[in-house]
Every structure is written in structure tokens, then in C-alpha cells.
Amino acid sequence: MLRIRSWFFACLGAFALASGHAAQAQDAPEAPLVSARLFIDNAHPENGNRWAAVVFTIPDHWHIYWQNPGDSGIPTALDWKSLPDGVSAGPIHWPVPKRAETGGLVNYGYEKQVLLPVPLKVEDNAATDGAVVVKADWLVCKDTCIPESAMLSARLSDTASKADVSALHATLEQVPTAFDGEAFVVADDAKVRVALHTEANSHADIFPLTDGWFPNSATPQVVRAKGWIGFSMPRGSASLSDRFEGVASVTHEGITEHVQFTAPRVEAFPAQVPPTLFPAETVPQASAPLGLLTALVFAFIGGLILNLMPCVLPVLSLKVLSLSRKAEASRGDALKHGLAYTAGVLASFALIGAALLALKAGGTAIGWGFQLQSPAFVLALVIIVFLVALNLLGLFELPVLFGGKGQAIASKNTATGSFATGVLAVALATPCTAPFMAPALGAALTLPALASMLVFLVLGLGLAAPYLLVSISPALRRLLPKPGAWMQRFKEFLAFPMFATTAWLVWVLGEQTGGIGLMQAFALLIALALALWGLKRNHHALWRAFWKVLLIGSIACALVNPPQLRAGSFIHENAAFDAAEIARLRSAKTPVFVDATAAWCLTCKLNERVALKNSRIVSLFKERNITFMVADWTKRDEAITAWLTSFGRNGVPLYVYYPPGKEPVVLPQLLTPALVEDAIRAADSN
Amino acid sequence: MRRSLLALAAAATFVLPAAAFAAPKIGEPAPAFAVKDAAGEDVSLDALNGKTVVLEWSNFGCPFVKKHYGAGNMQATQKAATADGVVWLTVFSSAKGKEGYMTAEEAAAEMKKQGGAPSHILMDPDGTLGKLYDAKTTPHMFVIDPEGTLVYMGAIDDKPTPDAADIKTARNYVSEALAALKAGKPVADSNTKPYGCGVKYAD
């Protein structure tokens, strides 16, 4: 290019002379837009090898290109014109590029400043003060493109500045490393799908080295399943070959890694690629995962609302009432209870959070509510809730929990009691997923472990907040009703919501384990009630021993040998969840409504009763030929968990409506018939 | 069996809309168009049935177009082709306000100045023809056989540089495609990666 320019100007000069104009000095070619500089880092040789790097400083809004420039442009090139004897230059180690889009065309390149490192292999006998000369050629574009070049030189013995060395190391972090896992690509006329054996619970991106298999303007759809990530793109115009090379950037637990991979082309993914990675239709990420701050806010609000759920309210109201007696008592005492309760709540959430993270790290596909997927846990909850109900009725006294012997409430409350109440509250809260909790929990499991734990703790804080507030503020306590005889009756009355919870949990157990499990639970409850009655009535030492044995024995027996999950589906209505079936129905332009639920999920049951089984909604579904599909998450199911994850969620309920020919729409956590109807009508007409 | 049916169904949902977009594919009918050229004449692909057609996307502001026009390479290829009865269409798809945008008169005048010899100059400032062919760069070349089938799409030659000195040693893909068609042979290298500046579509 320089040669043509100088030829052109030489011509102009000659013409000027010939036409008799006063000959001025020829215009020198303008300085290039991009300034390029070569340096060599001698201070940190590795096995005699050193890094050379060319620094390109690019004016704002202009860019130069990556080794695959994309839809247009030319890769930046370095041609080593002269190297001392015994020195050889390797290939450019390209840092990961950025995408630039103009007018629908997409390029891969660099802006502002980029270093292109090149390894120099230096033999022992090399002339260490020799000169290194490189010709750099590049295309710099904004709205227009200018090819430029520069001849750069440096001495092998030069010392690079500190700034240059740190810039070099920063750049080397951005250079993809060779991917050492498995990679496969399946490509047909419609789609190109790449599967990589690695994890990315947050962001993932792909840059092609083999150009044209998919349009550079296509946004890759990212999917995940047990230890693998996948990229799905529409097919582009280039012909396919037997392998696809590319660079992937994956962010997992807050750490971003760049890898360069070669994926052999296969007809179908081999067995080690989970079939749930690419369901027949790849579901787009309908909701971007929340940032940490938003997740924390949602978690706190969710925790607050959880206090109102039927699972938690009885326990909470008793606890709050116990404070009313302390209205005139020392603030410190109430505060002690408040803090102990909060500690109990936080500790329980921390435990659940840790368990969830540990299981997730181990690759198990689980989500919030996973505790209830195990009948043993449900049975343990049954025991606890039933015991609390009997205690409220006065069948036995547990000074530690709610009240002293013969006292109304809370005369002998200890900090341990408050702590235990906190733990109980959390155990009971699980089946009630409040709104705001679902997206917060979905986000929590994509964040790094520490941030994830923070979300769980803030959730706990939200749950504990009302009680903590009352325990801190004497003014609030004064607002509480004055204690009296009515409190005893109220306490006994609260036993009945507890019995209702017990009944519901036993029903869940029955659903999970069948008739045998049901009988086991009933037998256990009868044994418990009998033993406690015996202990209350009998003061004879021998009898007491017998009742104690019965009590402890039946609990131990139940927990050591819990009822087993029975096979088959737990929710016996409508179509069963099948990702392939969803795709088939979609291609047949049939609308689909997916209800992700579980037998133990109270909010789900509520929504179903109130909204989804409502006659107006049932007839709306019939009228629009909407297939109602139930994703039953009562026990662990990888396909459903993967489907939930693709919407940024990891718990139930989740309601998704797939209008024919359009993107799926996610409905809120709490449904009303009007809400469902409006959502469906809006989605269909959009 | 079910899986292949599913795959077929899945593919169908994408192929059908793709057919609607008529993205150019080697071995398939080239996307049809009917426009007016810079002189006001009607030019339609259907009317050109029976003739070999070459489409050349261009932009006189682009250094890669300047490389080929500056060295006389594009003009020579045009002349050789049109002498053989090939219909050469040069398309300008730069949007108004972008580099390479010209009025029809300016385009005709500039082409004459450059010594180019296309059969027609097509002005495409709204980018319709460009998007129909998924034209990405200037230059970007397409060759259509007399039956209307697309037989070549991609670069003008195999040396993607802005340096005119590389033309001498480069393989001119368009000349090769035309020669293959003339000899009744299949076109080798029918789908190459085009190089050049991006087509200046509207944002």
C-alpha cells in the first residue's frame, strides 16, 4: 500500500513539474492511525524462551482484527523479517477478541489497545544483542477501512518497562489455553451445535476459528447439563468439514476461562454427552440471571413474605406472643431471644445452602426444595410438627421450646429454645416457596459459592426480621396484646394449624411412598401420642420407662428404616413432562402450558386449586387447544431440573406458557385465574 | 425412528422459514430479483435465463476494491467475461450517508472513469439485494449458471490482502468458475470466504 501511495505521489510530482507548476516537496505519506511498537521481555525467560509483543494503540471507535476477522476485514499479521541467529519466532498468541457489529455484520477484533504476544525461542548460542525486525500489517476500520503497516525493531537485549511487562502478563491471561476436555459438533442444514465438557454456571460465549458454519451475527444460545455446556446456532453459508475449531469463554463460579478447542464433527452426540443438553428444541434463557445485589434484595423480601405463609405463621405468632409478656421486662432479655432465633434461622439456611452447593458441585441436578424430595426428611418433619402440635395442646411440656410447666407462655424461655424455634421455622418454611424467592434462589446457584451463601443468609435475615424487630423495639412489643388467660386457649388453638400441616405432610409422604408409607406414618403418630399420654398420666417409674422406650423406639425405627419412594409418576393428571414432546407440539403450532410442581410444594398446590383448576381457565385451555403439561418434581429429575435451569430457576413452582410460533412466557409465582387468562391472551396476540 | 422424525420436524421448522429468506446456497436456484439499473433499464434474473450471470458487490471507497480496480484486475475480468456473453452486474449497496454511497449518475460516471465494463450497474442503497444475497464484503462475487443455479459465491481471488502486488500470483476464482462453466465442468472451490471491507448497510 505504501508503494502505491508513493508511486501515486511521485506521478503527481512529475505531472506538476511537466505542467510547469512550481515543484514543491512531495507530500510524505500521513502517519498511520494505529501506532505500533515492539518490545521484548528479557527479564523472565522460560527455558530460554522470551516473549516479544507488538503493542497496537488504536484511536477511539476504530478497531483492528482477530485471527478470524469475521464477516469482513483482514487478520492483523506479523511477519518476522529479521531474527538473530539461533532465534525463531512462534505464532501469535491471540487474546480473546471482542465482537463489533455494524449494519448487521459482525467482526471479531480489538479496540483502544491490544498486545499481540509472540514466543521467541532463543538457543543457548544465540547472539543476545541481535536485532529483531518485524513487519506488522493490519486493517483499521471504523466506517471506512485503512490498511496500514509498520516496520518495527528491537534488540534482544533490551529491557522492557514495568508497565509493558505487566500489560504483557495481563494479555497472556486473555489468551485461550488448549482445551483438554471432550468437544463435539453436530451440524446439519438447520443448526450447528457444539458441546464442550466443562462447566459454566454463569456466562459463556463462543468465537469461531472455522468461519462460516454459523452466521457471525447469530447470538449463540447457551445450554447446560451435568458438567457440559452447549452452544446452538443457526447454520451459515460456508461448507462444513470434518471438524470445527473455536474459542470458548466460560465463566464458572465467577472465574472466566478462555479455551481453544477442536470439535470433531459427529452425526449425533455420543453417549457421554447428556441427552438433556440439547432438548429437541433449545429453550432460550427467558430470564437473565439476576445480579448479586438484585438477588439479595429479592431474597430479603422473599424471606419477609415467607413469614406470612401457612407453614411458618403458627410458629412465628407463638414466638412473637411470647415476647408480649416481656413488654415491661428488660430489653436485653427480649433481644437475647431475638438474636438466638435469628441465629437459629441463619444457621439452618447456611446448612441448607452449604448442602445445596455441595450437591451442585458434585454434579447432582437438584434445586431448592430438594430436602422434600426425600421421604426420610418428610417423615422427620412429620414427627417434629406433630410433636409441636401435641406440645401446644399441653400433652407434654417442653420448657425448652415454648413455655414452662403450668405457665402460659415463655416464662422459662431460654436462648436455646429460641434458637431451636428458628431452626423449626426454616424446616417448615421449605415447602412454601414465596414469590421473589424463586429468582433469587435461581441466581444464587449461578453465583460463586460465597455470594451464593450470602443470598441464603439474607433470605434467612428476611425470615427472622419481623421477630427480630419486635424483640429489639419495646415500642412494638407494647403494641402486642396484653397477656392473659386467652393466651393459653390461643396456644392450644394453634395446635390445629400444626395438625393440618402434619396431615398435609403425611399426604405428601403417602404420595411419595404409597399406602405402606402412609400406614407407617400413621402407626408412628399413634405410637408417639400414646407414649406422650402415658408419660403425662403415669408417674410409676416402670411405666415411665416403658413409655419412654416406646417414644424413642418408634422415632428411631421410623428414621432408621424410612418408607421408600415408589416408582412411577406422582401426579396423575395430564401430559407428563417431556422436552421432546414440547418441541413436537411447538412444531405442530400447538400451544403448551407447562406446570412445574411437586407434591410437597404448598404454593404449587395453592396455585393449582385457585387458578389452574378454575373452570374458566380449564375452558380457556380447551378453547385454545392448549396442551397442559405437568413437570412433576416430587423426586429428583434431571430433565426437569435442566429445564428449570434454562429459565434461570432451580425450584418449583414455575409456570411457562409456549404460545404457538413465539417465545415462551414465564408466569409469576402466585397465580390467579385472571392473571393466567391475561398472560395467555397477551402472549397469543403479541 | 422417533428421533429422526423429530429431527425432520425440527429441521422443517427452520428450513421452511429459511426458504422464505432464500439465503443463497451452492447448487440451488439463486435468489430471484427484479430491479432497475443505473440507466433506468429493467434487470431481472428470470429474464437473464439462458445466460451466465456474475454479481459483483462493490464500493469505490474500499481499499480492497481500489486494489482490484487500481491494478485493472476487476476491469479485465469484466471485459473477458462480457466478451464471452456473460452478464456482469456490479451492485452498490452502501446506504445513504455511508462510504461508497453514490447516485446512479455518479456511479455510472465513476465506473466509466475506472474503465470498468459491467453489463449493468445496480444501485441498492436500501440494501435489499445485498441482504437477499447475504453480501458481506466488497468485493463479494456470485456466479450463476444459465439455468439460474448458483455455482460460485465468495472472494474474487485467493489472496486476501489489500496489496495489488498479490494479484499477479493469485488465483482468480471468478475467472476459474466462468472457465469451468464454459467447459461444461463443475466449479471447483465453489464456496470461498469473501474478503474486503464490510458492505455499508444502514444501521
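### Re a nonpolar patch on the surface
Residues and elements named next belong to chain A.
Moving on, step 1. A grouping of Phe300, Leu304 and Leu461 is seen on the molecular surface, where their side chains present a nonpolar patch of about 210 Å² in accessible area.
Moving on, step 2. Among the secondary structure elements, Leu304 is positioned in helix H3 (residues 292–306).
Moving on, step 3. By relative accessible area, Leu304 is classed as partly exposed at 34%.

### Describing the packing of helix H6 (residues 375–393) of chain A against helix H12 (residues 495–537) of chain A
Residue and element names in this part refer to chain A.
Moving on, step 1. Where H6 meets H12, the closest approach of the two axes is 5 Å, and the angle between their N-to-C directions is 20°. In terms of their interaxial angle, H6 and H12 are classed as roughly parallel. H12 is crossed by H6, and the crossing has right-handed handedness.
Moving on, step 2. Partitioned by chemical class, the residues of the contact of H6 with H12 number 28 nonpolar, 4 polar and no charged.

### Some points on the packing of aromatic side chains
Residues and elements named next belong to chain A.
Moving on, step 1. Here the structure, examined in full by the defined rule, presents 30 aromatic pairs over all chains.
Moving on, step 2. On the numbers, 5.6 Å between centres and 55° between planes, the contact of Phe496 with Phe499 is tilted. One end of the pair, Phe496, and the other, Phe499, are both in helix H12, 3 residues apart, so they sit about a helical turn from each other.
Moving on, step 3. Accessibility expressed as a relative area gives 47% for Phe496, which makes it partly exposed.
Moving on, step 4. Three or more aromatic residues joined by ring pairs make a cluster, and in this case those are Phe593, Phe621, Phe628, Tyr655 and Tyr657.

### Focus on the interface of chain A and chain B
Size of an interface: often given as the accessible area lost when the parts come together.
Moving on, step 1. On the chain B side, the residues contacting the 32 residues of chain A number 33 residues.
Moving on, step 2. Buried area between chain A and chain B, summed over both chains or domains, comes out near 2400 Å², and the portion from carbon and sulfur atoms is 59%.
Moving on, step 3. Of all residues in chain A, Ile74, Gly103 and Leu105 of chain A bury the most surface against chain B, accounting for 19% of the area lost on that side.
Moving on, step 4. Where chain A touches chain B, the interface holds 2 salt bridges.
Moving on, step 5. Taking the shortest distance from any N to any O, the salt bridge between Lys193 of chain B and Asp211 of chain A comes out at 3.0 Å.
Moving on, step 6. On inspection of chain A and its partner chain B, the count reaches 10 residue pairs in polar contact (both at pLDDT 80 or more).
Moving on, step 7. Among the secondary structure elements, those contributing two or more residues to the side of chain A that touches chain B are helix H1 (2–18), strand S3 (63–70), strand S10 (145–155) and helix H14 (579–587) of chain A.
Moving on, step 8. Broken down by element, the side of chain A that touches chain B gets its largest block of residues, 4 residues, from H14 of chain A.

Rules and cut-offs
- Residues numbered from 1 in each chain as written.
- Chains lettered and ligands numbered in written order.
- Predicted model: local features only at pLDDT ≥ 70, side-chain atom pairs only at ≥ 80, totals over all residues.
- Heavy atoms only, no water.
- Patch = residues over 30% accessible without salt bridge, like charges linked within 9 Å, V, L, I, M, F, W, Y side chains within 5 Å.
- Areas by Shrake-Rupley, 256 points an atom, 1.4 Å probe, with all protein chains shown as cover.
- Salt bridge = Lys/Arg side-chain N within 4 Å of Asp/Glu carboxyl O.
- Helix = DSSP H or I, 4+ residues; strand = E, 2+ residues; numbered from the N terminus.
- Buried < 20%, exposed > 50% of the residue type's maximum accessible area, 1.4 Å probe, protein only.
- Axes fitted to C-alpha atoms, helices over the stretch in contact; angles between N-to-C directions.
- Parallel < 35°, antiparallel > 145°, perpendicular 65-115°, else oblique.
- Left-handed = near helix turned anticlockwise from the far one by under 90°.
- Nonpolar A, V, L, I, M, F, W, Y, C, P; charged D, E, K, R; others polar.
- Phe/Tyr/Trp six-rings, centres within 6.5 Å; stacked < 30°, edge-to-face > 60°.
- Contact = heavy atoms within 4.5 Å.
- Buried area = accessible area lost by both parts, 1.4 Å probe.
- Polar contact = N/O pair within 3.5 Å; in protein donor to acceptor, adjacent residues only side chain to side chain.

Honestly, that's just the spatial picture; any functional story needs more than this.
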